[in-house]
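# Summary of structural features
One letter stands for each residue in the lines below.
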Amino acid sequence: MVLHMAAAKQARANRRQAPRGSAPRHMINESQVLAIIPVSRTTLYRMEKAGRFPKATYISPNRRVWYEDEITAWQSVVDEFNPNRGRGKGRRRRTRSITPT
């Protein structure tokens, strides 16, 4: 998780230090992000809120976009092998409740 936040911070730092004559950064909307990242909208929101995914930028009151270079940096960090990375909780086991008769 720390690596994800570090990659996002580095991308933001690069954005602030960009020279004036550089090319504009490519912005992608939510549907384009979801086409790249195989998660649901809810999972994307949770990951962003927890700091495990780059934060979106609002370019108008109802329009969120992500910078493509931040998504690429996040992907390269996620691709690294980490044996301690969590693999998910799995399905919850059902417990039978026995009602007295």
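Here the structure is shown first, and the text comes after it.
Residues numbered from 1 in each chain as written. Predicted model: local features only at pLDDT ≥ 70, side-chain atom pairs only at ≥ 80, totals over all residues. Heavy atoms only, no water.

A word on the overall build of the protein. Regarding its fold elements, the protein presents 4 helices and 3 strands. Going from N to C terminus, the protein has its helices and strands arranged as α-β-α-α-β-β-α. Taken across its 101 residues, the protein has 23% of its residues classed as buried. Sequence-distant contacts, at least 24 apart, represent 51% of the contacts inside the protein between residues at least 6 apart. For the protein, the computed accessible surface area is about 8500 Å², with 51% contributed by carbon and sulfur atoms. (Helix = DSSP H or I, 4+ residues; strand = E, 2+ residues; numbered from the N terminus. Buried < 20%, exposed > 50% of the residue type's maximum accessible area, 1.4 Å probe, protein only. Contact = heavy atoms within 4.5 Å. Areas by Shrake-Rupley, 256 points an atom, 1.4 Å probe, with all protein chains shown as cover.)

Let's shift gears to the sheet that holds strand S2 (residues 57-60). Reading across from one edge, S1-S3-S2 is the order of the 3 strands in this open sheet, with antiparallel pairing throughout. In this open sheet, the two edge strands, each paired with only one partner strand, are strand S1 (27-28) and S2. In terms of strand pairing, S1 meets strand S3 (residues 63-67) through 2 bridges, oriented antiparallel. Bridge assignment links Ile 28 to a residue of S3, and that residue is Trp 66. (Pairing = 2+ DSSP bridges.)

Before going further, it helps to spend a moment on helix H3 (residues 41-50). Every buried residue of H3 is listed here: Leu 44, Met 47 and Glu 48. Take H3 and look down its axis: the buried residues cluster within an arc of 100°, on one side only. Opposite the buried face of H3, at more than 90 degrees from it, the exposed residues are Arg 46 and Lys 49. Trailing H3 by a residue or two, Gly 51 shows a phi angle of about 85°, which is positive. (Arc of directions from axis to C-beta.)

On to the packing of aromatic side chains, then. Each aromatic ring pair is characterised by the separation of its centres together with the angle its planes make. This model, assessed by the stated rule, comprises 1 aromatic pair. Ring plane angle 75° and centroid distance 4.8 Å describe the contact between Phe 53 and Trp 74, whose orientation is recorded as edge-to-face. Of this pair, Phe 53 sits in the loop between H3 and S2 while Trp 74 sits in helix H4 (residues 68-79), and the two are 21 residues apart along the sequence. Accessibility expressed as a relative area gives 4% for Phe 53, which makes it buried. (Phe/Tyr/Trp six-rings, centres within 6.5 Å; stacked < 30°, edge-to-face > 60°.)

Attention now goes to the environment of Trp 66. In this structure, Trp 66 sits in strand S3. The exposure class assigned to Trp 66 is buried, which follows from its relative accessible area of 0%. In terms of polar contacts, Trp 66 uses its side chain to reach the backbone carbonyl oxygen of Pro 54, at 3.1 Å. (Polar contact = N/O pair within 3.5 Å; in protein donor to acceptor, adjacent residues only side chain to side chain.)

Further remarks concern the pattern of salt bridges. What the rule picks out here adds up to 5 salt bridges. With its nearest N and O atoms 3.8 Å apart, the salt bridge here joins Glu 30 to Arg 64. Of this pair, Glu 30 sits in helix H2 (residues 30-36) while Arg 64 sits in strand S3, and the two are 34 residues apart along the sequence. When salt bridges with common partners are traced through the structure, they connect Glu 30, Arg 41, Glu 48 and Arg 64 into a single cluster. (Salt bridge = Lys/Arg side-chain N within 4 Å of Asp/Glu carboxyl O.)

What is shown is where atoms sit, not what they do.
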